[in-house]
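Chain by chain, the residues:
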Amino acid sequence: MDWLERAAKLRQWSRSGTRAPHKPLLFLYALGRFQRDADGELRYSAVEDDLGRLLAEYGPPNRTTPAYPFHHLVSDGVWEVRTDRGPGSPGSRVKELREIGAAGRLTPELRAALRREPSLLGRMARVLLDLNFPPSLHGDLCEAVGLELEPTESEQFSAVRGRRDPRMREQVLTAYEYQCAFCGYDGRIGAVPVGLEAAHVRWWAFDGPDDVDNGLCLCSLHHKLFDKGVLGIGDSHRILVSQRFVGHSPAAREHVMALAGRPLIGPQPGARPVAAVHRSWHTSQVFHGSPRPAPAA
């Protein structure tokens with residue numbers, strides 16, 4: 001049985017690039033718990049809050065109850081559920097999962113495979129991360145689910161979606177003249193840029209192409225905030241700042257809130273700006289809440 005293939009092919013609701021990372025988030029959470037307690041179960045009532053926070057932070061803007069993946073992951077052959085009444089999931093109704101003591105864990109076959117081959121856990125986690133989330137969020141997500149991955153486990157599973165184009169970073173940074181499109185940061189050590197990254201607008205994990213019109217040159221801070229849905233790109237290529245973002249420090253006001261309504265910096269003449277189709281995907285699938293109005297002049 002190819003467990004990596006099963007991790008790569010979780011059945012997820014999908015339409016026109018809609019994000020549905022509910023099953024991958026539960027699967028990652030279960031792998032993290034297995035790493036700490038290989039024989040433990042995840043009682044729904046005990047982990048509901050944890051899963052809810054993961055969905056709120058790493059899921060799409062539209063909210064979904066944790067009960068949905070808790071029940072439906074069973075169909076992928078990697079997860080089992082039992083209740084006080086015996087084996088089998090009662091469905092995806094929150095009240096029933098709570099009241100009859102629903103508890104889930106990885107299937108016996110997968111638990112046995114993970115014991116036989118300890119490195120399998122890290123490889124499965126990498127598949128789930130690579131196919132569902134941008135690299136800028138991998139470290140935070142592993143910390144959130146309690147996963148500890150070996151630093152050497154850095155392989156990208158290019159066989160599933162094809163290889164990324166290594167030229168994209170240089171092309172995007174050149175198009176934006178080595179400055180952050182949001183704040184203008186352009187730091188270097190000697191001739192080498194530092195803290196500047198090429199961000200995918202439509203994530204690579206969701207068929208985002210390695211093209212300049214799907215990229216932005218962003219500093220490390222704004223790249224993370226862009227991938228977390230704090231920042232976005234609106235009409236006329238103006239910066240969106242989520243109303244859900246809260247920050248009271250001068251730094252938060254200056255480096256985030258004050259960006260609302262500003263035009264992007266770049267790209268240089270002749271380079272393709274971010275395509276409308278990619279901007280629309282990010283706004284609907286990543287950006288959280290409504291945008292703040294631009295500060296008064």
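Residues numbered from 1 in each chain as written. Predicted model: local features only at pLDDT ≥ 70, side-chain atom pairs only at ≥ 80, totals over all residues. Heavy atoms only, no water.

Here we come to the overall build of the protein. Looking only at helices and strands, the protein has 13 helices and 10 strands in total. Rg of the C-alpha trace for the protein: 21 Å, near the compact-globule value of 19 Å for 297 residues, within the 12% margin. Dimensions along the principal axes, computed over C-alpha positions, put the protein at roughly 65 × 40 × 35 Å. For the protein, contacts bridging at least 24 residues in sequence account for 71% of all contacts bridging at least 6. Carbon and sulfur atoms make up 50% of the accessible area of the protein, which totals about 14200 Å². The distance from the centre of the 38 positive side-chain charges to the centre of the 35 negative ones in the protein is 4 Å. (Helix = DSSP H or I, 4+ residues; strand = E, 2+ residues; numbered from the N terminus. Rg over C-alpha atoms; globule rule 2.2 N^0.38 Å. Contact = heavy atoms within 4.5 Å. Areas by Shrake-Rupley, 256 points an atom, 1.4 Å probe, with all protein chains shown as cover. Lys, Arg positive; Asp, Glu negative; His and termini not counted. Charge placed at Lys NZ, Arg CZ, Asp CG, Glu CD.)

Our next topic: the sheet that holds strand β4 (residues 103-106). Strands sit in the order β1-β4-β2-β3 across an open sheet of four strands; the sheet is antiparallel. Whereas interior strands pair on both sides, the edge strands pair on one side only; in this sheet they are β1 (42-43) and β3 (86-87). When strand β2 (residues 79-83) meets β4, the two strands line up antiparallel, connected through four bridges. What sits directly across from tryptophan 79, in β4, is leucine 106. (Pairing = 2+ DSSP bridges.)

Attention shifts here to the confidence of the model for the protein. A low pLDDT means the predicted coordinates there should not be read in detail. Chain-level pLDDT for the protein is 90 on average; 93% of the residues reach the 70-or-more range. For the protein, per-element mean pLDDT is lowest for helix α9 (residues 158-161), which scores 46, and highest for strand β10 (residues 239-241), which scores 98. Below a pLDDT of 50 lies the segment residues 152-160, which in the model reaches 15 contacts outside its immediate sequence neighbourhood of four places, other chains included. (pLDDT = per-residue confidence, 0-100.)

The next thing to look at is helix α2 (residues 22-36). The end-to-end C-alpha separation of α2 is 22 Å, in line with the 21 Å expected for 15 residues at 1.5 Å each. When you tally the buried positions in α2, you get 12 out of 15 residues, the bulk of the element. Among all positions in α2, only His22, Lys23, Pro24, Leu25, Leu26, Phe27, Leu28, Tyr29, Ala30, Leu31, Gly32 and Phe34 are buried. (Expected span 1.5 Å × (residues − 1). Buried < 20%, exposed > 50% of the residue type's maximum accessible area, 1.4 Å probe, protein only.)

What follows concerns the pairing of β2. Covered by surrounding structure in β2 are Trp79, Val81 and Thr83 only, the residues Glu80 and Arg82 on the alternate face being uncovered. With two bridges joining them, β2 and β3 adopt antiparallel strand pairing. Bridge pairing links arginine 82 to proline 87 in β3.

Summed over all chains, the structure comprises 15 salt bridges. One salt bridge in this structure joins arginine 43 and aspartate 84, with 3.7 Å as the shortest N-O distance. One end of the pair, arginine 43, is in strand β1; the other, aspartate 84, is in the loop between β2 and β3, with 41 residues separating them in the sequence. Residue glutamate 48 pairs with arginine 98 through a salt bridge whose shortest N-O separation is 2.8 Å. (Salt bridge = Lys/Arg side-chain N within 4 Å of Asp/Glu carboxyl O.)

Moving on, we come to the nonpolar core. Counting residues in hydrophobic clusters, the biggest one holds 51 residues, and the most contacted among them are Phe27, Leu31, Trp79 and Met124. Looking at this core, the elements with two or more residues in it are α1 (3-8), α2, α3 (44-58), α4 (67-72), β2, α6 (108-116), α7 (119-132) and α8 (138-145). Contact partners of phenylalanine 27, with chain neighbours within four places excluded, come to Ala7, Leu10, Leu73, Val78, Leu106, Leu110, Met124 and Leu128. One finds Cys180, Ala199, Leu218 and Phe226 within the second-largest nonpolar core, a separate group that totals 33 residues. (Core = buried A, V, L, I, M, F, W, Y, C linked by side-chain atoms within 4.5 Å.)

By the element assignment, glutamate 148 lies in the loop between α8 and α9. Looking at glutamate 148, the relative accessible area reads 65%, which means it is exposed. For the pair glutamate 148 and glycine 32, spaced 116 residues apart in sequence, the C-alpha to C-alpha distance is 7.6 Å.

The next subject is the state of the cysteines. Tallied over the full model, the rule gives zero disulfides. Cysteine 180 takes part in no disulfide bond, and the closest cysteine sulfur to it belongs to cysteine 183, at a distance of 3.6 Å. (Disulfide = S-S within 2.5 Å.)

As a further point, take the pairing of strand β8 (residues 215-219). It is a general feature of regular strands that their side chains alternate between the two faces of the sheet. Within β8, five of the five residues are buried, which leaves it mostly tucked inside the rest of the structure. A two-sided burial pattern is seen for β8, the buried positions comprising Gly215, Cys217 and Cys219 on one face and Leu216 and Leu218 on the other. By the bridge criterion, five bridges tie strand β7 (residues 196-200) to β8 in an arrangement that is antiparallel. When the sheet's bridge partners are listed, glutamate 197 is paired in β8 with leucine 218.

Once that is clear, we can look at the side chain of aspartate 227. Relative to the elements of secondary structure, aspartate 227 occurs in helix α11 (residues 220-227). The charged side chain of aspartate 227 is buried without a salt bridge, its nearest counter-charge being lysine 224 at 8.1 Å. Once residues lying within four places of it in the same chain are set aside, the contact partners of aspartate 227 are Pro134, Ser136, Leu137, His200, Trp203 and Val286.

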